[in-house]
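If you want the building blocks of each chain, they are given just below.
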Amino acid sequence: MSEPSRFAPAVGRTSAPLVYDVERGHIRRFAEAVGDPNPIYRDEEAARAAGHPAIPAPPTFAAALRPNDPREGLDIDWKKLLHGEQEITLHRPLYAGDRLTVVGRIAEAGVKETKSGVMDTLVVEAVGSDPAGAPVFTTRSTVLVRR
Amino acid sequence: MKVGDVIGPLEKAPITTRQLVMYAGASGDFNAIHYDEPFARAAGFPSVIAHGMLSMAFFGELLSSTFGPHRVQRLSARFRAVTFPGEVVTVAGKVIAVEGDTAVLALTATKKDGTVTLDGAAIVSIPV
């Protein structure tokens, strides 16, 4: 367990901020892809009738507001990449019309022994903040790289 | 809402490769393992595999149809098994803790053969 991660030097690396305007068309496309028929994702009147100030984003939509990838330039074989875990924290609800600045960061790097062998792990965090700088969402994605 | 309450099950339509292309576009996850058969085979899979995040979005659908999307404060998932086009995923949840206006749920995504593909947890605010 003392083996250092080959990605350790990249921990703390952040990506250039990326600005998103949360668009209702994007929310609709996301709901369509998921097969979520809820009209609040398509129709502003339905959203308002359900008590929302605007069209809301589905709970995992924040993960679609991807940061510039802080893993850029790392030696990763994408064929060997597995998504291990994901966490999405919504500090407040996300709505069409929000403007968010998203920054990615390599939060952790490690080595994990699994039943399928030794793998390198990377945790990429992304924080989306409103124009006042208040965080709206935080996502944490743990990926495993098979050797 | 009390401990032991169940939400779902929500059985989704069989996953299609077309859906994976749609999800790739909507989510920005263009890893070719989700739509390029030769690439997926080179990675050791018999065919393309579904985005784990697509099944996590099924958790999102279950939660938002039950509580409303604005009530979801945190959602987490562990991806335990892959899902292929043609397979049916069913998601369900159970309340495991309630404290004040917050409930914690345990979530599972399961294939028809019983394989658990994701387990997850959610923290939602509930009307008191």
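The text that follows walks through the structure, step by step, so that each part is easy to find. (Residues numbered from 1 in each chain as written. Chains lettered and ligands numbered in written order. Predicted model: local features only at pLDDT ≥ 70, side-chain atom pairs only at ≥ 80, totals over all residues.)

## Quick look at the overall build of chain A
A tally of helices and strands in chain A yields 2 helices and 5 strands. Ordered by position from the N terminus, the helices and strands of chain A form the series β-α-α-β-β-β-β. Along the longest, intermediate and shortest principal axes, the C-alpha atoms of chain A span 55 × 35 × 20 Å. Burial statistics for chain A: of 147 residues in total, 32% are counted as buried. Taking contacts inside chain A between residues at least 6 apart in sequence as the whole, the part at least 24 apart equals 73%. (Helix = DSSP H or I, 4+ residues; strand = E, 2+ residues; numbered from the N terminus. Buried ≥ 20, exposed ≤ 12 C-beta atoms within 10 Å, placed from the backbone. Contact = placed C-beta atoms within 7 Å.)

## Re the environment of glycine 93 of chain B
All names here are of chain B. With respect to the element layout, glycine 93 can be found in strand S3 (residues 89-99). Between the C-alpha atoms of glycine 93 and alanine 109, which are 16 residues apart in sequence, the distance is 9.0 Å. Once you skip the residues sitting within four places of it in the chain, glycine 93 turns out to touch Ile7, Gly8, Leu62, Leu105, Ala106, Leu107 and Ala122.

## Some details on the sheet that holds strand S5 (residues 135-146) of chain A
A sheet is described by the order of its strands in space; here 10 strands give the open sequence S1(A)-S3(A)-S4(A)-S5(A)-S2(A)-S2(B)-S5(B)-S4(B)-S3(B)-S1(B), paired in antiparallel fashion. The open sheet is flanked by strand S1 (18-21) of chain A together with strand S1 (6-11) of chain B, the only strands paired with a single partner. With direction set aside, neighbouring strand axes in the sheet form an average angle of 20°. Where S3 of chain B and strand S4 (residues 102-111) of chain B come together, 10 bridges link them in antiparallel fashion. When the bridges of S4 of chain B are listed, valine 95 of chain B appears paired with leucine 105 of chain B. The strands that helix H3 (residues 52-67) of chain B touches are strand S2 (81-90) of chain A together with S1, strand S2 (72-79), S3, S4 and strand S5 (116-125) of chain B; relative to S5 of chain B, the one it contacts most, it runs at about 35°. (Pairing = 2+ DSSP bridges. Axes fitted to C-alpha atoms, helices over the stretch in contact; angles between N-to-C directions.)

## Structural notes on the interface of chain A and chain B
Taken residue by residue, the interface counts 29 residues in chain A and 35 residues in chain B. Listed by contribution, the elements that provide at least two residues to the side of chain A that touches chain B are helix H1 (24-34) and S2 of chain A. Of all the elements, S2 of chain A adds the most residues to the side of chain A that touches chain B, at 8 residues. Note: S2 of chain A against S2 of chain B, 5 bridges, orientation antiparallel. For isoleucine 88 of chain A, the partnering residue across the bridge sits in S2 of chain B and is leucine 75 of chain B.

## Looking at the packing of H1 of chain A against helix H1 (residues 17-27) of chain B
For the pair H1 of chain A and H1 of chain B, interaxial distance at closest approach is 8 Å and the crossing angle is 150°. Considered as vectors, H1 of chain A and H1 of chain B are oriented roughly antiparallel to each other. Of the two possible hands of crossing, H1 of chain A and H1 of chain B adopt the one that is left-handed. Every residue of H1 of chain B that contacts H1 of chain A at Arg29, Phe30, Glu32 and Ala33 of chain A is listed here: Gln19, Met22, Tyr23, Gly25 and Ala26 of chain B. Looking at side-chain class alone, the contact of H1 of chain A with H1 of chain B contains 5 nonpolar, 2 polar and 2 charged residues. (Parallel < 35°, antiparallel > 145°, perpendicular 65-115°, else oblique. Left-handed = near helix turned anticlockwise from the far one by under 90°. Nonpolar A, V, L, I, M, F, W, Y, C, P; charged D, E, K, R; others polar.)

## As for the environment of aspartate 75 of chain A
Mapped onto the elements, aspartate 75 of chain A comes out in the loop between helix H2 (44-49) and S2. Along the chain, aspartate 75 of chain A and alanine 62 of chain A lie 13 residues apart, while their C-alpha atoms are 27 Å from each other.

## A few points about H1 of chain A
Residue and element names in this part refer to chain A. Within H1, burial applies to Ile27, Phe30, Ala31, Ala33 and Val34. Each buried residue of H1 sits inside an arc of 160° when the element is viewed along its axis, so together they form one side. Of the residues one or two after H1, glycine 35 is the one with positive phi, at around 80°. (Arc of directions from axis to C-beta.)

## Observations concerning H3 of chain B
Residues and elements named next belong to chain B. A rise of 1.5 Å per residue sets the reference length of H3, with its 16 residues, at 22 Å; its end C-alpha atoms lie 23 Å apart and thus fit the reference within 8%. Taken across its 16 residues, H3 has 14 buried, putting it largely inside the fold. Looking one or two residues beyond H3, the residue adopting positive phi is glycine 68, at roughly 100°. (Expected span 1.5 Å × (residues − 1).)

Read these as layout, nothing more, since geometry by itself doesn't imply function.
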